[in-house]
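Structural overview for review
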Amino acid sequence: MKKWYAVIGDPISHSMSPSMHSQWFSELTIDATYIPVHVKKEKLADAVESLKSLGASGWNVTIPHKEAILPFLDHIDSSAEIMGAVNTIVVEENGTLTGYNTDGNGFVNSLEEAMGSNLQELPILIIGAGGAARGIAFALKERGYVNLACANRSFSNAQRLIDDLKSGRALSLEQAETELADFQIIIQTTPAGMITSNVDMPLSLKNVTSSAIVADIVYNPILTPFLAEAKDRGARCLNGVGMFVHQGALSFHKWTNRKPDTKQTIEQVEQLLGGPHVNR
């Protein structure tokens, strides 16, 4: 029987996950399909029940449901539970739902693939405190990154992330903007810059140093306003394409126990979006 998978979110029309996973199914001769499902916040509970009753074998979760999905799951992977956010659901053979978070490791894999693996001691600023930010922060800590800070529009949310992380410090956006030159890796995790977003840039990069690595987890458009300013100021830039592909590959492996070709996929997504995902 043909299996099917999905990605749920609001908005969802911009997502390239369906084409990416469909290509992997084809390349690895797996009889399955993957579709986008638009789910409003107030319809999340109904959507979960519908996905289960219609026989989905698993699905990805994107903005704004990564934290709100937790109460509807039967089991949560220990790392995802600590992060407080889930982006991958596996429907087990007995019908129960298990949640995982592949965002964090997907980002770290992308960062180290593009910029090298000797970055653990560099001071890092994470902008945002939502599900993606939490996943990245915990993955960075788990992978040996020791100097983390979080800045967010709501300082209390940044502080809560740092408290849960039991490491680093929380900053206001104004404070982070003032101290920006102190950070060698700056990671933008908010929806600002998405084609479907009307959110302004979280802070100015006027104080960024040219030696800094500036990353934006948004992958469409490939050059966000945040990265465009970083590029103009001479910083090394990392787009969200690598994270998008690597987190998807980790989800794909959990569903199928197969590992797709991430390097080839990154190149193909770059071509579709019109540029490279990393500017050194």
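Residues numbered from 1 in each chain as written. Predicted model: local features only at pLDDT ≥ 70, side-chain atom pairs only at ≥ 80, totals over all residues. Heavy atoms only, no water.

All right, on to the overall build of the protein then. Scanning the protein from terminus to terminus reveals 10 helices and 13 strands. Whereas a compact globule of 280 residues would reach a radius of gyration of roughly 19 Å, the protein reaches 18 Å, a difference of no more than 12%. Buried positions account for 54% of the 280 residues belonging to the protein. Considering only residue pairs separated by 6 or more positions, the protein has 68% of its internal contacts joining residues 24 or more positions apart. For the protein, the accessible area works out to roughly 12,200 Å², and carbon and sulfur atoms hold 48% of it. (Helix = DSSP H or I, 4+ residues; strand = E, 2+ residues; numbered from the N terminus. Rg over C-alpha atoms; globule rule 2.2 N^0.38 Å. Buried < 20%, exposed > 50% of the residue type's maximum accessible area, 1.4 Å probe, protein only. Contact = heavy atoms within 4.5 Å. Areas by Shrake-Rupley, 256 points an atom, 1.4 Å probe, with all protein chains shown as cover.)

Now for the pattern of salt bridges. Counted according to the given criterion, the structure contains 6 salt bridges. With a closest N to O distance of 2.6 Å, aspartate 103 and lysine 66 form a salt bridge. Linking aspartate 103 in helix 4 (residues 103-115) with lysine 66 in the loop between strand 3 (58-61) and strand 4 (75-76), this pair joins segments that are 37 residues apart in sequence. The class of aspartate 103 is buried, set by a relative accessible area of 3%. With relative accessibility at 12%, the residue lysine 66 sits in the buried group. (Salt bridge = Lys/Arg side-chain N within 4 Å of Asp/Glu carboxyl O.)

All right, on to the sheet that holds strand 1 (residues 3-9) then. In spatial order, the strands read 2-1-3-5-6-4; together these 6 strands make up an open sheet with mixed pairing. Two strands bound the open sheet, and with one partner strand each, they are strand 2 (32-38) and strand 4. Pairing between strand 4 and strand 6 (residues 97-100): 2 bridges, direction parallel. Bridging from a neighbouring strand, histidine 75 pairs with threonine 98 of strand 6. Along the sheet face, helix 1 (residues 17-27) touches strand 1, strand 2 and strand 3 and points at about 170° away from the line of strand 2. Lying over the sheet, helix 2 (residues 44-53) contacts strand 1, strand 3 and strand 6, oriented at roughly 175° with respect to strand 1. (Pairing = 2+ DSSP bridges. Axes fitted to C-alpha atoms, helices over the stretch in contact; angles between N-to-C directions.)

On to the nonpolar core, then. Core analysis: the biggest nonpolar cluster contains 32 residues, and Phe107, Leu111, Leu140 and Ile187 have the highest contact counts within it. Only helix 4, strand 7 (124-127), helix 5 (131-142), strand 8 (148-152), helix 6 (155-165), strand 10 (185-188) and strand 11 (213-216) provide two or more residues apiece to this core. Considering every element that reaches this core, the biggest residue donor is helix 5, with 7 residues. Once residues within four sequence positions are removed from consideration, isoleucine 187 is found in contact with Phe107, Ile124, Leu125, Ile126, Ile127, Ile136, Leu140, Ala215 and Ile217. (Core = buried A, V, L, I, M, F, W, Y, C linked by side-chain atoms within 4.5 Å.)

On to helix 8 (residues 225-232). Buried residues of helix 8: Phe226, Leu227, Glu229 and Ala230, and no others. In a view along the axis of helix 8, the buried residues occupy a sector of 160°, so they form one face of it. Contacts from the buried residues of helix 8 go to strand 7, strand 10, strand 11 and strand 12 (236-238). Looking one or two places after helix 8, you find glycine 234, whose phi comes out positive at around 85°. (Arc of directions from axis to C-beta.)

A cis amide bond links aspartate 10 to the next residue, proline 11, at an omega of 10°. Summarising the element assignment, proline 11 is placed in the loop between strand 1 and helix 1. Residues asparagine 220 and proline 221 are joined by a peptide bond in cis, for which omega reads 20°. Looking at the secondary structure, you find proline 221 in the loop between strand 11 and helix 8. Positive phi, normally seen in glycine, also occurs at lysine 166, with a value near 60°. Here lysine 166 shows up in the loop between helix 6 and strand 9 (169-172). If you check the backbone angles, asparagine 257 has positive phi at about 60° while not being a glycine.

A few words now on the environment of leucine 205. The topology assignment puts leucine 205 in the loop between strand 10 and strand 11. Along the primary structure leucine 205 and isoleucine 186 are separated by 19 residues, whereas in three dimensions their C-alpha atoms are 10.0 Å apart. Discounting chain neighbours no more than four positions away, the residues touching leucine 205 are Leu180, Phe226, Glu229, Ala230 and Arg233.

Bringing the packing of helix 4 against helix 9 (residues 241-256) into the picture now. Helix 9 packs onto helix 4 with a crossing angle of 130° between their chain directions and a minimal axis gap of 7 Å. Overall, the two elements helix 4 and helix 9 adopt an arrangement that is oblique. Taken as a pair, helix 4 and helix 9 cross one another with a handedness that is right-handed. Note on element contacts: helix 9 touches helix 4 through Gly242, Met243, His246, Gln247 and Leu250, opposite Asp103, Asn105, Gly106, Phe107, Asn109, Ser110 and Glu113. When grouped by side-chain class, the residues that make up the contact of helix 4 with helix 9 number 3 nonpolar, 7 polar and 2 charged. (Parallel < 35°, antiparallel > 145°, perpendicular 65-115°, else oblique. Left-handed = near helix turned anticlockwise from the far one by under 90°. Nonpolar A, V, L, I, M, F, W, Y, C, P; charged D, E, K, R; others polar.)

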